[in-house]
Amino acid sequence: MIEPRQRLPVTPRTGRFLVLAGVFICAACGLVYELELVALASYLIGDSVTQASVVLSVMVFAMGVGSLLAKRLRCRAAAGFGLVEAALALVGGCSAMVLYAAFAWAGDRGEMWASGSRYLFVVFSLAIGVLIGAEVPLLMVLIQRVRRQDAGGAVADLFAADYVGALVGGLAFPFLLLPWFGQLTGALLTGAVNVLAGGALVLGLFGRDLSPRGRWLLLVVNAVVLAVLASAAVLVDDFERAARRAVYGSGIRVAVRTDVQEVVLTGRDRESLRLFLDGRLRVSGRDERRYHEALVRPALRGGRHQRVLVLGGGDGLAAREVLRHAGVRRVDVVELDPAVVDLARHDPGLSELNGHVYRDPRVHVVHADAFRWLRGPHPRVYDVVVADLPDPGITASTQLYSQEFYGLVSRVLTDDGRFAVHAGPAATRPRSYWTVDATLRAAGYRTEPYRLTGRRGAYGGPDRTPDPGGAPRDWGFVLAARAEPVLGAARSCAVLRAGSHAAERLRPSGWRTIEPSTLVHPRYAD
């Protein structure tokens, strides 16, 4: 159907350009909302693949619903589009603050959410998707009123502007909004741009299509939305500090957002010190020594250990345990985030906890992604490699627990070298733990699984495992080597002997049939 032309304050050519510019801006804002929900869900809940799939699939479904609902607004396309953009700006702009507030105050000091709270992401995905889906049918009507053209040509023009806008929004989110403004302010700024673009298009180009009452209503709605977004932007710093206190407690000493992650350090003495990376507790001063001793000691007791490679472990605690052993000549630490190493060097509490390890001339730091670094040329090989990495159940870490990654590690190991791997909790995530063992065996290693029981808190190690409600807490490890005799020498370590027996009690009957995890087929989702 060809819509009747609308009397415009500009020429049809200029009007068409302005409508397509509005499509471009609104599409960019819509994609920012989508990416912001995906990023926030991955950060607050974890498992980025699952969260991205849920958010995007729900949103695409809701866009279809929104397109159908927009048919009822065709007779008042200008007013309908203006109100849709105002609602989208309000919902999308405030979504990050609402979701972060629910995470901070509905959870238990940053623990995983109660199941009902996760549905907030679905609610926001539905709402934003419905509003985004309503845009194109209404814009189709408006562009036809500017200049008559066949439906196919109008659709081509709209979708061209829409896709280019989505490209700009998709690039602006990671390269502009996140690093410059952060998730909360970035979402609010996007909402402000959204409501201004939608209001300006409708009131400036199609104002004559509205009744005087309709124009005032739209002006008031847009002004209220802008006022809400501006007020939230003014208060966002205070809100973020209050939310951090709710999540991490009142003893926050350092809270920074780096190019890699959010780094939060709380507490002052050994018992209270805690280091959080992206909301996950990586270091707990009250029991980190037991964890790092169990990770490092069996590998170094198994033979020569002049050259040691630590993957991850930028906090310096694994390197501290390595240097406790006589004969260590060089320790290379490969840590992705320079801010973590800088904190471990200069923060009084954390540097005291790691024994000022970075002052030791034997310790050398490389800031790089461990996977990429291992793929490059290496002039030296190592007697021991220690993987002090986040839990394998965290999606961002799955490539560091893949068969390909373990194959890369074998290239830098001596023939009698040992490879110590943190493999996540064996008691509460047995499938993931034994998958690590299966993946190491598939990469050509002989393995010795072991675990350390008596973990004093649900968050004592480098993972974020929900409290299993009374189930025993532990840390799971796997010691790997190319030859069985090397492991035999390591079994003289008491930690390994006791831990092997503890792990054996949890070994599943079909452990030999567990499939290894690869880059193209990750298998760590329990």
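Residues numbered from 1 in each chain as written. Predicted model: local features only at pLDDT ≥ 70, side-chain atom pairs only at ≥ 80, totals over all residues. Heavy atoms only, no water.

With respect to the overall build of the protein
For the protein, the helix and strand inventory stands at 15 helices and eleven strands. Based on the C-alpha atoms only, the size of the protein along its principal axes is roughly 90 × 45 × 45 Å. Within the protein, buried positions represent 54% of all 526 residues. Pairs at least 24 apart in sequence give 75% of the contacts found in the protein among residues at least 6 apart. Roughly 22,300 Å² of accessible area belongs to the protein as shown, and the carbon and sulfur atoms make up 59% of that amount. Both charge centroids of the protein, one from 61 positive and one from 48 negative side chains, sit 2 Å from each other. (Helix = DSSP H or I, 4+ residues; strand = E, 2+ residues; numbered from the N terminus. Buried < 20%, exposed > 50% of the residue type's maximum accessible area, 1.4 Å probe, protein only. Contact = heavy atoms within 4.5 Å. Areas by Shrake-Rupley, 256 points an atom, 1.4 Å probe, with all protein chains shown as cover. Lys, Arg positive; Asp, Glu negative; His and termini not counted. Charge placed at Lys NZ, Arg CZ, Asp CG, Glu CD.)

With respect to the pairing of strand β10 (residues 446-453)
For β10, the buried fraction is high: six of the eight residues fall into the buried class. Two elements, β10 and strand β11 (residues 474-481), share eight bridges in a ladder whose sense is antiparallel. Looking across to β11, one finds that Thr 447 is bridged to Ala 480. (Pairing = 2+ DSSP bridges.)

Here's the deal with the sheet that holds strand β3 (residues 274-277)
Overall, antiparallel pairing links the four strands, which are arranged β1-β2-β3-β4 in an open sheet. Across the chains shown, the open sheet's two edge strands, defined by having one partner strand only, are β1 (252-257) and β4 (280-284). Here the strands of the sheet are splayed against their neighbours by 15 degrees on average, with no regard to which way each runs. Pairing of strand β2 (residues 262-266) with β3, which is carried by four bridges, proceeds in the antiparallel orientation. Within the sheet, the bridge partner assigned to Val 263 lies in β3 and is Leu 277. Most of the contacts of helix α6 (residues 212-248) go to β2, to which it runs at about 60 degrees, and overall it touches β1, β2 and β3. (Axes fitted to C-alpha atoms, helices over the stretch in contact; angles between N-to-C directions.)

A few points about the pattern of salt bridges
Scanning all chains against the criterion turns up 26 salt bridges. Asp 332 is the partner of Arg 330 in a salt bridge, and the nearest nitrogen-oxygen pair spans 2.9 Å. A single salt-bridge network, built from bridges that share partners, covers Arg 270, Glu 288, Arg 289, Arg 320, Glu 321 and Arg 324. (Salt bridge = Lys/Arg side-chain N within 4 Å of Asp/Glu carboxyl O.)

Observations regarding the environment of Gly 313
Here Gly 313 shows up in the loop between β5 (307-312) and α8 (317-323). Given the relative accessible area of 2%, Gly 313 is considered buried. Once residues lying within four places of it in the same chain are set aside, the contact partners of Gly 313 are Val 333, Glu 335, Tyr 358 and Asp 388.

Observations regarding the packing of aromatic side chains
All chains considered together, the criterion is met by 13 aromatic pairs. Measuring from ring centre to ring centre gives 5.6 Å for Phe 159 and Tyr 163, while their planes differ by 40 degrees; the resulting arrangement is tilted. Note that Phe 159 and Tyr 163 are positioned in helix α5 (residues 151-205) at a spacing of four residues, about one turn of the helix. Using a relative accessible area of 53% as the deciding quantity, one classes Tyr 163 as exposed. Each ring, one from Tyr 433 and one from Trp 434, has its centre 5.1 Å from the other, and the planes form 80 degrees; the classification is edge-to-face. By the burial criterion, Tyr 433 is buried, and Trp 434 matches it. A network of ring pairs unites the aromatic residues Phe 371, Phe 405, Tyr 406, Phe 419 and Tyr 445 as a single cluster. (Phe/Tyr/Trp six-rings, centres within 6.5 Å; stacked < 30°, edge-to-face > 60°.)

Digging into the side chain of His 325
Topologically, His 325 is positioned in the loop between α8 and β6 (330-335). Of the polar contacts made by the side chain of His 325, one reaches the backbone oxygen of Glu 321; its length is 3.1 Å. When neighbours within four sequence positions are excluded, His 325 is seen to be in contact with Val 296, Arg 297, Leu 300, Arg 301 and His 305. (Polar contact = N/O pair within 3.5 Å; in protein donor to acceptor, adjacent residues only side chain to side chain.)

Overview of unusual backbone geometry
In this structure, His 356 takes a positive phi of about 50 degrees despite not being glycine. Following the sequence through the fold, His 356 ends up in the loop between α10 (348-353) and β7 (363-367).

Considerations on the packing of helix α1 (residues 12-45) against helix α2 (residues 48-70)
In contact at an axis separation of 8 Å, α1 and α2 are set at 145 degrees when each is read in the N-to-C sense. Judged by the twist between their axes, the crossing of α1 over α2 is right-handed. Residues Glu 34, Leu 37, Val 38, Ala 41, Ser 42 and Ile 45 of α1 touch α2, and the partners they reach there are Ser 48, Gln 51, Ala 52, Val 55, Leu 56, Met 59 and Met 63. Of the residues belonging to the contact of α1 with α2, the class tally is nine nonpolar, three polar and one charged. (Left-handed = near helix turned anticlockwise from the far one by under 90°. Nonpolar A, V, L, I, M, F, W, Y, C, P; charged D, E, K, R; others polar.)

Things to note about helix α9 (residues 338-346)
Every α-helical turn comprises 3.6 residues, leaving residues that sit three or four positions apart pointing alike. Val 340, Val 341, Leu 343 and Ala 344 are the residues of α9 that are buried. Seen along its axis, α9 keeps its buried residues to an arc of 160 degrees; they face one direction. Buried residues belonging to α9 abut β1, β2, β3, β6, α10 and β7. Two to three positions downstream of the cap, the backbone nitrogen of Ala 339 sits 3.0 Å from a side-chain oxygen, assigning the N-cap of α9 to Asp 337. (Arc of directions from axis to C-beta.)

As for the sheet that holds β7
As summarised here, the arrangement of the seven strands in space is β7-β6-β5-β8-β9-β11-β10, forming an open sheet in which the pairing is mixed. Of all the strands in the sheet, just β7 and β10 have a single pairing partner and so form its edges. Within this sheet the neighbouring strands show an average axis-to-axis angle of 15 degrees, counted without direction. Examined bridge by bridge, β5 and β6 share five bridges and lie parallel to one another.

Considerations on the confidence of the model for the protein
A low pLDDT score tells you not to read the predicted coordinates there in detail. Scored by pLDDT, the protein comes out at a mean of 87, with 91% of its residues at no less than 70. Note on residues 108-116: pLDDT is under 50 here. Beyond four places in sequence and across chains, it has 20 contacts. Predicted confidence is poor over residues 458-470, with pLDDT under 50, and the contacts of this stretch with residues over four places away or in other chains come to 45 contacts. (pLDDT = per-residue confidence, 0-100.)

Digging into the side chain of Asp 162
Tracing the chain through its elements places Asp 162 in helix α5. Of the side chains with opposite charge, Arg 16 lies nearest to the buried Asp 162, which makes no salt bridge, at 15 Å.

Remarks on the packing of α1 against helix α3 (residues 77-106)
One way to put it is that α1 packs onto α3 with a least axis distance of 11 Å and a crossing angle of 15 degrees. With respect to α3, the axis of α1 lies roughly parallel. α1 and α3 meet at a crossing whose hand is left-handed. Residues Cys 26, Tyr 33, Glu 36, Leu 37, Leu 40, Tyr 43 and Leu 44 of α1 lie in contact with α3, whose contacting residues are Phe 81, Glu 85, Leu 88, Ala 89, Gly 92, Gly 93, Ser 95, Ala 96, Leu 99, Tyr 100 and Phe 103. (Parallel < 35°, antiparallel > 145°, perpendicular 65-115°, else oblique.)

Some details on the pairing of β4
Of all five residues making up β4, five are buried, and the element is well covered by its neighbours. Hairpin connection, β3 to β4: the antiparallel pair is bridged by two residues, and Asp 278 has positive phi, about 55 degrees.

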